[in-house]
Amino acid sequence: MTGRHALRILSLAGALGLWQLLTAFDINLWLRFEQFPTVVDVAREFGGRIGSGPYWQDLTDSLTRIVTGFTLAAVAGVAVGTAIARSHLAADLLGPVLEVLRPIPAIALVPVAILLFPSNEQGIVFITFTAAFFPVLVSTRHAVRALTPVWEEAVLTMGGGRWRILGSVVLPGALPGILGGLSVGIGVSWICVISAEMISGEYGVGYRTWQDYTVVDYPGVFVGMATIGMLGWLTSTAVELLGRRVTHWLPRTEHAAPATAVRVRRAHMPARTPSITARRRNP
């Protein structure tokens, strides 16, 4: 185990320890912790639910909704963002409509989803799709527009066509920016899918968490919150790992120590040759 991993574990353990102390002693200063369940209470409730069928059904339903909506949003966001950045016609036809819709919070579309779709399941997937679509769209549009024209001109010089430019220059060049939009989109998707489940869901982590709140089962509420946090962390990590794999050609020096980075660069630098002035002084 590296020092960084140990530090992260200590950070999490410290936060849990502080929570346990504040709730066990019923600290009531500016913030009130006397009604909060302790870490032990939440762990006991979590242990009881993890062995039950409804817990795993809720988890499966929420994951299915998030994966479906996010995948559709990723494909549509990259396609539409690239089209708007590359085509004046697409920008004129789609740009104004999308810019009007973009400031509307996805969770505010719940009434529209209820009226538009025949089932709550499809409506929740629509909310999830909308939440992730716009971050991916905007990041793709900016990433494509930021590409230098020199690369495209080089492909045209070698006889490449429009699709060759798209596959060899546009998408690879914009990929780091697209991945940034995907990372933001997966986080926003979890916020909206949980909110949609609380409002109109049938099963799901958000639905179960809200039901626990209505019956004043606070340990169950915190179990739902912990489950949401773990699911969000796992999906965000999956997106990040996928992004690193598809952009393996990018340099990974952001976490290297300065001295280590200098040694690596020096190791790959060719040996210096004497300058012209030095050769003249030392024939």
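Since the model is a prediction, treat every value here as computed from it, not as a measurement.

Peer 1: Sorry if this is basic, but what is going on with the overall build of the chain here?
Peer 2: When helices and strands are counted, the chain shows 12 helices and 0 strands. Taken from N to C terminus, the helices and strands of the chain fall in the order α-α-α-α-α-α-α-α-α-α-α-α. Buried residues in the chain amount to 30% of all 283 residues. Accessible area for the chain stands at about 18,100 Å²; split by element, carbon and sulfur atoms hold 67% of it.

Peer 1: It is not clear to me how the packing of aromatic side chains should be interpreted in this structure. Could you clarify?
Peer 2: Two numbers describe a pair of aromatic rings. These are the distance of the centres and the angle of the planes. One pass over the full model with this rule turns up 9 aromatic pairs. A ring pair is formed by Phe129 and Phe133, whose centres lie 5.5 Å apart and whose planes are at 25°; its orientation type is stacked. Of this pair, Phe129 and Phe133 are both found in helix α6 (residues 120-145), 4 residues apart, which corresponds to roughly one turn of the helix. For Phe129, a relative accessible area of 23% translates into the label partly exposed. Given a relative accessible area of 8%, Phe133 falls into the buried group. Aromatic pair Phe133 and Phe134: ring centres 5.1 Å apart, planes at 75°, arrangement edge-to-face.

Peer 1: Help me understand unusual backbone geometry, please; the structure alone is not making it clear to me.
Peer 2: Phi is positive for Val216, close to 60°, though the residue is something other than glycine. Position of Val216 relative to the elements: it lies in the loop between α9 (205-214) and α10 (218-246).

Peer 1: Before we go on, may I ask you to explain α6 in this structure?
Peer 2: Here α6 is 26 residues long and its end C-alpha atoms lie 38 Å apart, about the 38 Å a rise of 1.5 Å per residue gives. Of all the bends found along α6, the most pronounced is centred on Phe133 and spans about 25°, while Pro135, a proline, follows it within four residues.

Peer 1: Looking at this model, I keep getting lost on the nonpolar core. Mind explaining?
Peer 2: Within soluble globular proteins, side chains that are nonpolar generally end up buried alongside one another. By size, the foremost hydrophobic cluster in this structure holds 44 residues, and its most contacted members are Ile127, Leu182 and Trp190. When residues of this core are traced back to their parent elements, those giving at least two are α3 (53-86), α5 (110-116), α6, α8 (162-200) and α10. For this core, the leading source of residues is α8, giving 13 residues. Discounting residues that sit within four places of it in the chain, Trp190 has contacts with Ser62, Leu63, Ile66, Leu231, Gly232 and Thr235.

Peer 1: It is not clear to me how the packing of helix α1 (residues 3-24) against helix α2 (residues 39-49) should be interpreted in this structure. Could you clarify?
Peer 2: Each pair of packed helices gets described by two things: the angle between the helix axes and the distance between those axes. Orientation of α1 relative to α2, taken along the N-to-C sense of each, is 110°, at an axis distance of 8 Å. Compared by their axis directions, α1 and α2 come out roughly perpendicular. Counted together, Leu16, Trp19, Gln20 and Thr23 of α1 and Val39, Val40 and Val42 of α2 form the full contact between these two elements. Of the residues belonging to the contact of α1 with α2, the class tally is 5 nonpolar, 2 polar and no charged.

Peer 1: Before we go on, may I ask you to explain α8 in this structure?
Peer 2: Every α-helical turn comprises 3.6 residues, leaving residues that sit three or four positions apart pointing alike. Relative to the 57 Å expected for 39 residues at 1.5 Å per residue, α8 spans just 45 Å between its end C-alpha atoms, considerably shorter than the ideal helical length. At Leu175, α8 is bent by approximately 55°, the largest bend along its length, and proline Pro176 sits one to four residues beyond.

Peer 1: Any chance you could explain the pattern of salt bridges here in plain terms?
Peer 2: Should their charged atoms come close, side chains of opposite charge can pair. According to the stated counting rule, one finds 10 salt bridges in the structure shown. Linking Arg65 and Glu121 is a salt bridge whose minimum nitrogen-to-oxygen distance equals 2.8 Å. Linking Arg65 in helix α3 with Glu121 in helix α6, this pair joins segments that are 56 residues apart in sequence. Taking the relative accessible area as the measure of exposure, Arg65 reaches 2% and is therefore buried. In this structure Glu121 comes out as partly exposed when scored by relative accessible area, which is 35%. Salt bridges sharing common partners tie together Glu45, Arg49, Asp212 and Asp217.

Peer 1: What should I look at first to understand the environment of Arg244 in this one?
Peer 2: Inspection of the secondary structure assignment puts Arg244 in helix α10. Placed 65 residues apart in sequence, Arg244 and Leu179 show a C-alpha to C-alpha distance of 9.3 Å.

Peer 1: It is not clear to me how the confidence of the model for the chain should be interpreted in this structure. Could you clarify?
Peer 2: When pLDDT drops low, the exact placement of atoms in the prediction is not to be read closely. Scored by pLDDT, the chain has a mean of 83; 88% of the residues are at 70 or more. Taken element by element, the predicted model of the chain shows its lowest mean pLDDT in helix α12 (residues 276-281) (46) and its highest in α3 (93). Confidence over residues 256-262 falls short of pLDDT 50; this stretch has 0 contacts with residues more than four positions distant or in other chains. Taken as a whole, residues 273-283 scores under 50 in pLDDT and shows 1 contact with residues more than four places along the chain or in a different chain.

Peer 1: Explain the side chain of Asp58 to me, please; I cannot follow it from the model alone.
Peer 2: Turning to its location among the elements, Asp58 is positioned in helix α3. Dropping the residues within four chain positions of it, Asp58 is found in contact with Tyr203, Gly204, Val205 and Arg208.

Peer 1: Looking at this structure, I do not really get a nonpolar patch on the surface. What am I missing?
Peer 2: Where nonpolar side chains cluster on the molecular surface, the patch consists of Trp210, Tyr213, Val216 and Tyr218 and spans about 400 Å² of accessible area. Relative to the helices and strands, Tyr218 resides in helix α10.

The rules we used
Residues numbered from 1 in each chain as written. Predicted model: local features only at pLDDT ≥ 70, side-chain atom pairs only at ≥ 80, totals over all residues. Heavy atoms only, no water. Helix = DSSP H or I, 4+ residues; strand = E, 2+ residues; numbered from the N terminus. Buried < 20%, exposed > 50% of the residue type's maximum accessible area, 1.4 Å probe, protein only. Areas by Shrake-Rupley, 256 points an atom, 1.4 Å probe, with all protein chains shown as cover. Phe/Tyr/Trp six-rings, centres within 6.5 Å; stacked < 30°, edge-to-face > 60°. Expected span 1.5 Å × (residues − 1). Bend = angle between axes of the 7 residues up to and from the residue. Core = buried A, V, L, I, M, F, W, Y, C linked by side-chain atoms within 4.5 Å. Contact = heavy atoms within 4.5 Å. Axes fitted to C-alpha atoms, helices over the stretch in contact; angles between N-to-C directions. Parallel < 35°, antiparallel > 145°, perpendicular 65-115°, else oblique. Nonpolar A, V, L, I, M, F, W, Y, C, P; charged D, E, K, R; others polar. Salt bridge = Lys/Arg side-chain N within 4 Å of Asp/Glu carboxyl O. pLDDT = per-residue confidence, 0-100. Patch = residues over 30% accessible without salt bridge, like charges linked within 9 Å, V, L, I, M, F, W, Y side chains within 5 Å.

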